[in-house]
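In case you want the letters, here they are:
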Amino acid sequence: MKLSKYKNLNTSLEDEPDGCKNEISQKESWHSTYSNSLKNIEDLSKFIFIPEAEKPALKQVIRTFHMRIPLYYLSLAKNLNNSNDPIRRQCIPSIEEIEREIHEKIDPLGEEKTSPAPCLIHRYPDRALLIVTGRCFMYCRHCTRKRLWRSRIPEPALKDIELALAYVKENKEIREIIVSGGDPLTLPTEKLDYILSLLTNIKNIEVIRIGTRAPVVFPQRIDENLCKVIEKYENLWINTQFNHPDEITAQSILACKMLQRCGIAISNQSVLLKGINDNIKTMLELCHKLQNIRVRPYYLYQCDPVIGAHHFRTSIWRGIDILENMRGHTSGMCIPTFVVDGIDGKGKIPIGPNYVLSVSPEGLTLRNYRNEILFYFNPKE
Ligand SMILES: *Cc1c(COP(=O)(O)O)cnc(C)c1O
Ligand code: SF4
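As the structure is a computational prediction, the values presented were derived from the model and not from experiment.

Caption draft 1: A look at the overall build of the chain. When its secondary structure is counted, the chain shows 13 helices and twelve strands. In terms of overall dimensions, the chain is globule-like: its C-alpha atoms have a radius of gyration of 21 Å, near the 21 Å expected for 381 residues. When its C-alpha atoms are laid out on the principal axes, the chain stretches across 70 × 50 × 40 Å. Split into buried and exposed, the 381 residues of the chain put 57% on the buried side. Of the contacts made within the chain by residues no fewer than 6 positions apart, 76% connect residues no fewer than 24 positions apart. Surface accessibility of the chain: about 17500 Å² in total, with carbon and sulfur atoms responsible for 53%. For the chain, the distance from the average site of its 52 positive side-chain charges to the average site of its 46 negative ones is 2 Å.

Structure, rendered in structure tokens:
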């Protein structure tokens with residue numbers, strides 16, 4: 001079957017987590033495209049060759065970790081039948097996902113432990129993360145929050161969200177809310193608007209940030225209706241996750257442009273993924289393309305030790321090496337901060353090349369990006 005015919009494909013909602021069926025907006029125009037995503041192995045095998053013998057194992061995988069692939073995203077793969085294709089690897093399940101390494105956890109960042117109210121993760125003093133849905137346009141195979149879409153957890157009810165917001169109101173040191181999930185843009189626009197308006201009414205909240213992969217995996221979601229809502233909120237930021245240059249297309253650029261026209265500054269949080277973007281050439285191309293469309297590379301994450309993602313993780317030295325080859329060699333505007341997210345809720349820890357070779361009471365011996373060494377006099381405090 002050709003991907004260009006994807007609009008006619010009729011797939012069922014049977015693999016969708018139970019609690020997700022009721023709230024999805026049937027009225028909005030993006031919904032029919034959303035429903036046409038691939039959700040089971042039979043649908044998938046219309047597009048890629050899957051040997052019969054492998055199907056039972058793959059079905060087992062998606063019983064644990066659901067599958068949902070927007071046909072738009074699948075169409076970005078340059079070589080769908082190559083199991084190393086960077087698009088294919090991010091969206092198509094692999095039997096490696098049911099292998100478990102000793103240090104892996106289902107909640108590696110200890111998010112459940114740092115949750116003082118339903119749907120709220122409060123790890124840092126001045127900001128908290130609000131989980132408004134467990135649903136995504138695409139279930140990325142490397143996702144850290146697999147647990148949310150794994151166990152058929154129902155959508156958080158509005159009353160849970162209100163409880164979380166009551167906590168935010170009481171804890172006045174919280175000045176920023178990260179609206180996350182799942183993907184918050186899977187909510188009906190009206191509901192998203194309602195949540196944003198509740199947040200805006202909290203006096204201590206100065207800034208709202210939405211984390212969404214919609215511009216990358218389902219740019220159709222960024223429509224006029226959504227923009228009308230987005231442009232109302234002047235303290236709103238959007239962070240997304242482009243991981244590979246193949247994801248930057250005319251459609252994703254248009255989606256970013258529409259958001260930018262609403263006054264939104266978009267930042268990008270990539271995940272370092274083995275065999276996908278863990279080399280300087282790919283990362284430079286990605287970051288240059290992002291800079292060209294005014295999307296600021298913000299973080300590059302070490303891939304978390306979540307269960308079922310060992311085949312995406314690579315050594316931390318890889319990330320450091322990529323940063324070493326960027327700083328000085330290209331515009332500082334397109335260099336992300338490489339971070340390890342500390343296990344068990346310890347928070348993000350920036351790591352990178354070391355430019356301080358030694359210190360003395362008088363000053364520091366430093367090296368620059370060309371490995372030239374200099375002594376830098378250190379003024380007294
Ligand atoms: C990543 C994250 C934040 C935001 O951290 P920044 O460094 O400000 O981007 C806040 N809360 C939680 C729980 C997070 O995981
Ligand atoms: S969009 Fe984000 S939350 Fe959803 S599966 Fe992908 S990485 Fe996970």
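Back to the text.
Caption draft 2: Up close: helix H13 (residues 316–324). Along H13, the positions that sit buried rather than exposed are Gly319, Ile320, Ile322, Leu323 and Glu324. Where H13 is buried, its residues meet strand E6 (266–272), helix H12 (280–292), strand E7 (296–302), strand E8 (337–342) and strand E11 (363–367). For H13, the N-terminal capping position is held by Ser315, with its side-chain oxygen 3.0 Å away from the main-chain nitrogen of Trp317.

Caption draft 3: Inspection of the site of ligand 2 at higher detail. Close to ligand 2 lie Cys136, Met138, Tyr139, Cys140, Cys143, Trp149, Gly182, Arg213 and Gln241, which account for all nearby residues. A breakdown of the residues in the shell around ligand 2 according to their chemical character gives six nonpolar, two polar and one charged.

Caption draft 4: Layout of the site of ligand 1. Around ligand 1, the structure places Ile121, Arg123, Tyr124, Arg127, Leu129, Ile178, Arg209, Tyr298, Tyr299 and Lys348. In the model, an oxygen atom of ligand 1 is placed 3.2 Å from a nitrogen or oxygen of the Lys348 side chain. Relative to its unbound accessible surface of 380 Å², ligand 1 loses 92% to contact with the protein. Every element with two or more residues in the shell around ligand 1 is listed here: strand E2 (127–131) and E7. Across the shell around ligand 1, the residue classes tally to six nonpolar, no polar and four charged.

Caption draft 5: Representation of the sheet that holds strand E4 (residues 207–211) within the structure. Across the sheet, which stays open at both edges, the nine strands sit in the order E1-E2-E3-E4-E5-E6-E7-E8-E9 with mixed pairing between neighbours. Each edge of the open sheet carries a strand with a single partner, namely strand E1 (120–121) and strand E9 (347–350). In the sheet, E1 pairs with E2 via two bridges, with the strands oriented antiparallel. The residue of E2 that forms the bridge with Leu120 is Leu130. Along the sheet, helix H8 (residues 189–200) contacts E2, strand E3 (176–180), E4 and strand E5 (236–240); its crossing angle with E4, the most-contacted strand, is approximately 150°.

Caption draft 6: Molecular detail of the pairing of E3. Of all five residues in E3, five are buried; the element is thus mostly enclosed. Of the two faces of E3, both are covered, the one formed by Glu176, Ile178 and Ser180 as well as the one formed by Ile177 and Val179. Both E2 and E3 contribute to a ladder of five bridges, which runs parallel. Looking at E3, one finds that Ile131 is bridged to Ser180. Following the backbone out of E3, through H8 and into the adjacent parallel E4, one traces a crossover that is right-handed.

Caption draft 7: Layout of the sheet that holds strand E12 (residues 373–377). Strands sit in the order E10-E11-E12 across an open sheet of three strands; the sheet is antiparallel. Unpaired on one side and paired on the other, strand E10 (356–359) and E12 mark the two borders of the sheet. The sheet shows a mean angle of 25° between the axes of neighbouring strands, taken without regard to direction. In this structure, E10 lies alongside E11, joined through three bridges in antiparallel fashion. When the sheet's bridge partners are listed, Val356 is paired in E11 with Leu366.

Caption draft 8: Broad picture of unusual backbone geometry. The omega torsion across Gly181 and Gly182 is 20°, close enough to zero to call that bond cis. Mapping Gly182 onto the fold places it in the loop between E3 and H8. At Asn371, a residue that is not glycine, the phi angle is positive and equals roughly 65°. Here Asn371 lies in the loop between E11 and E12.

Each value, and the rule that gives it
- Residues numbered from 1 in each chain as written.
- Chains lettered and ligands numbered in written order.
- Predicted model: local features only at pLDDT ≥ 70, side-chain atom pairs only at ≥ 80, totals over all residues.
- Heavy atoms only, no water.
- Helix = DSSP H or I, 4+ residues; strand = E, 2+ residues; numbered from the N terminus.
- Rg over C-alpha atoms; globule rule 2.2 N^0.38 Å.
- Buried < 20%, exposed > 50% of the residue type's maximum accessible area, 1.4 Å probe, protein only.
- Contact = heavy atoms within 4.5 Å.
- Areas by Shrake-Rupley, 256 points an atom, 1.4 Å probe, with all protein chains shown as cover.
- Lys, Arg positive; Asp, Glu negative; His and termini not counted.
- Charge placed at Lys NZ, Arg CZ, Asp CG, Glu CD.
- Polar contact = N/O pair within 3.5 Å; in protein donor to acceptor, adjacent residues only side chain to side chain.
- Near = heavy atom within 4 Å.
- Nonpolar A, V, L, I, M, F, W, Y, C, P; charged D, E, K, R; others polar.
- Pairing = 2+ DSSP bridges.
- Axes fitted to C-alpha atoms, helices over the stretch in contact; angles between N-to-C directions.
- Right-handed = clockwise from strand over helix to strand, strands pointing away.

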